[in-house]
Amino acid sequence: MAVTIQQNPQVYTTASNPVVFTFESDETAQANFSYIVELFIDSVLHSTHQVFPQFGELAKFNASEAVRSTLSSPLITNGTLTTNYNTAISSVYIIVSEKYGTPPTIQLDATSDDINVFNGALRHPDWINWNYLEYWVSKQNSYPSPALFLTSWPRARKYFCGLNEKIFLGFLSFTHTYDINFLLYDVNNVFISADTIPIIDSNNMTVIDCSPVTIMANTTITAFDFATAAYYEVFVQATGLGINSGLSETFKIYMDTECHRYETRRLHWLNKFGVWDSFTFTLVSTDSTKVSSTGYSRESGVWDGTSYTYPLYQGQATTYAKTAKDTLILNSDWINEDVQKWLVRELYESPNVYLEQGENFEPVNVVNSGYQFKQRRINGLIQEVVEIQRTYLYNSQLN
């Protein structure tokens, strides 16, 4: 008379991929047997499900649909250096009970591991090879390499950010206590300035606003330091168990100091890991507007005293109202193959995209219906053209 949890998802797993628990009982031969599964999200009972044996004594329960509907990843625009991303990750576990007999009654139960499900969505090959230890900054982390930040940006390529542009980096952390390190260097790789910000957190997912303006507002690093910097580095370290424990990768961000010929446009979008990627389009952009009309036809002619006349000013086909929808064509500069692959896959498949305009962030829709991975030997110099649709419509006055 026992229920056994046979399989738990990984300690950190993505909500939009299968979140499958498996379990079995030695009482499946009993009359009217079924499993009762109680799903708990952040320690609160979310829902109760009845599951029947599917493979001998074994059964499974997929919590993905229930959990993913509770998660969200808001864009951070208030200049906060670190955000406890508790809306994008939840602790999840199940309690499985036996139910059998005539009439059937609840019997013994078992509780699964408590796992962390975050607002991610990986392609199948990436998901089946997912290893949370590669992204886990923790003092318990025994993984041999530094933890990666939550982005698929090709690490061999230079990442650029302008002095007044936004950039975000997310990471997974179980330790809840860590240091964020910022280091600035000049064009000759000579150290300029640095600061370390200790953070005591209460959640398992954190987003850092690594924008120069935000760093200046929250650290001892000054505008003069950034004016002389060619690039800066960001890394996170868990505290408590020595200098080499719980270390993240060192992410290098190059300062975009080029005087651009055209107005630049920067997009931010929700990436596959549930945090935010960014890219600046530096070549000429084109604004266009599609105008649609709503009209009607009225009888021609008007009464003029006892006569019925047909003056030119009266008109027959009349416009009732007009609606304008704006679009914007963005052109990237010449980019490398792996940057183009990262850009189209992450941006075009993202459900949530913002256009950065100074201190404002406007939601937009990317309308490109497909993409191809370009190759230098076939396409020559590689450039990407992105069409975005503004989400705000203009409605004219009524006629």
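My aim in this report is to walk through the structure given alongside it, one point at a time. (Residues numbered from 1 in each chain as written. Predicted model: local features only at pLDDT ≥ 70, side-chain atom pairs only at ≥ 80, totals over all residues. Heavy atoms only, no water.)

The next point concerns the sheet that holds strand E15 (residues 191-200). Paired through their backbone hydrogen bonds, the strands of a sheet run either parallel or antiparallel. On the basis of which strands lie adjacent, the open sheet formed by 5 strands has the order E12-E18-E17-E14-E15 and mixed pairing. Each edge of the open sheet is held by one strand with a lone partner, namely strand E12 (159-161) and E15. This sheet shows a mean twist of 25° between the axes of neighbouring strands, independent of strand direction. Pairing of strand E14 (residues 177-185) with strand E17 (residues 231-238) involves 8 bridges; the strand directions are antiparallel. (Pairing = 2+ DSSP bridges. Helix = DSSP H or I, 4+ residues; strand = E, 2+ residues; numbered from the N terminus. Axes fitted to C-alpha atoms, helices over the stretch in contact; angles between N-to-C directions.)

Looking now at the sheet that holds strand E6 (residues 58-62). With respect to topology, 3 strands assemble into an open sheet ordered E1-E3-E6, the strand pairing being antiparallel. In the strand order of this sheet, the two ends are held by strand E1 (3-7) and E6, each with one partner. Sheet twist, expressed as the average angle between the axes of neighbouring strands with direction ignored, equals 30°. In terms of strand pairing, strand E3 (residues 20-25) meets E6 through 5 bridges, oriented antiparallel.

Summed over the entire model, instances satisfying the criterion amount to 29 aromatic pairs. Ring centres 5.9 Å apart and planes at 75° place the aromatic pair Tyr 185 and Phe 191 in the edge-to-face group. For Phe 191, a relative accessible area of 45% puts it in the partly exposed group. Put simply, the rings of Phe 149, Trp 153, Tyr 159, Phe 251, Trp 269, Phe 279, Phe 281 and Trp 342 pair up and form one aromatic cluster. When the ring centre of Tyr 231 is taken as origin, the NZ or CZ atom of Lys 252, which lies over that ring, is 4.6 Å away. (Phe/Tyr/Trp six-rings, centres within 6.5 Å; stacked < 30°, edge-to-face > 60°. Buried < 20%, exposed > 50% of the residue type's maximum accessible area, 1.4 Å probe, protein only. Lys NZ or Arg CZ within 6 Å of the ring centre and 35° of its normal.)

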